[in-house]
Amino acid sequence: MKKILVIGAGRSAVTLIKYLLDNSIVNNWQVTVADFSIELAEKAVANHENGNAIFFNVTDEIQRKSEIGNADIVISMLPASLHITVAKDCISLVKNLVTASYVSPEIADLDEKAKQAGILLLNEIGLDPGIDHMSAMQV
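Report follows, based on the coordinates. (Residues numbered from 1 in each chain as written. Predicted model: local features only at pLDDT ≥ 70, side-chain atom pairs only at ≥ 80, totals over all residues. Heavy atoms only, no water.)

This paragraph deals with the nonpolar core. Generally speaking, nonpolar side chains in soluble globular proteins are found buried as a group. The biggest cluster of nonpolar side chains holds 21 residues, and the ones touching the most others in it are Leu5, Ile7, Val74, Val86, Cys90, Leu97 and Leu121. Broken down by secondary-structure element, the contributors of at least two residues to this core are strand 1 (2–7) and helix 5 (83–93). Sort the elements by how many residues they give to this core and helix 5 lands first, with five residues. Excluding residues that lie within four positions of it along the chain, leucine 5 makes contacts with Thr32, Ala34, Glu67, Ile68, Ala71, Ile73, Val74 and Ile75. (Core = buried A, V, L, I, M, F, W, Y, C linked by side-chain atoms within 4.5 Å. Buried < 20%, exposed > 50% of the residue type's maximum accessible area, 1.4 Å probe, protein only. Helix = DSSP H or I, 4+ residues; strand = E, 2+ residues; numbered from the N terminus. Contact = heavy atoms within 4.5 Å.)

Next comes the structure, spelled out in structure tokens:
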């Protein structure tokens with residue numbers, strides 16, 4: 001079973017979490033939703049058999065590295081300023097990372113390290129950047 005760690009259960013993450021859970025059985029995914037608000041994480045998981053809600057404090061290095069280390073892929077739905085912390089751990093723990101945020105200069109600076117680790121730091125994978133890019137191409 002592939003383990004997906006979704007960090008952040010706020011409004012932007014709800015549709016993603018539902019999609020992952022709705023497709024988890026056929027794809028053999030275990031989806032862990034990690035948020036500082038356990039209530040938000042539990043609500044997002046909605047007692048799904050392949051979902052797990054946990055309290056998560058991104059500033060707790062021990063917990064952060066443990067949860068990232070146990071995942072096959074990490075999806076950060078945190079505010080953009082917190083992606084760098086998660087990205088550095090993903091590189092050191094050799095875990096792919098996906099975010100919906102634009103590439104910040106700090107994330108861009110990690111490109112070579114990510115390549116050396118053989119992982120992806122895949123940014124701008126979301127509704128807003130997608131619409132932005134399509135609109136720009138149309139103009």
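Attention now moves to helix 3 (residues 38–45). Those residues of helix 3 that fall on the buried side of the exposure criterion are Ala41, Ala44 and Val45. The buried residues of helix 3 all sit within an arc of 95° when viewed along its axis, so they share a single face. Across helix 3 from its buried face, at more than 90 degrees, point the exposed residues Glu39 and Lys43. Of the surrounding secondary structure, the elements contacted by the buried residues of helix 3 are helix 1 (14–22), strand 2 (29–35) and strand 3 (51–55). Count one or two residues on from helix 3 and you reach alanine 46, which has phi positive near 50°. (Arc of directions from axis to C-beta.)

Bridge count between strand 2 and strand 3: five bridges; the pairing is parallel. Within strand 3, the position partnered with alanine 34 by the bridge is isoleucine 54. Once the chain exits strand 2 it traverses helix 3 before rejoining the sheet at strand 3, and the crossover so formed is right-handed. (Pairing = 2+ DSSP bridges. Right-handed = clockwise from strand over helix to strand, strands pointing away.)

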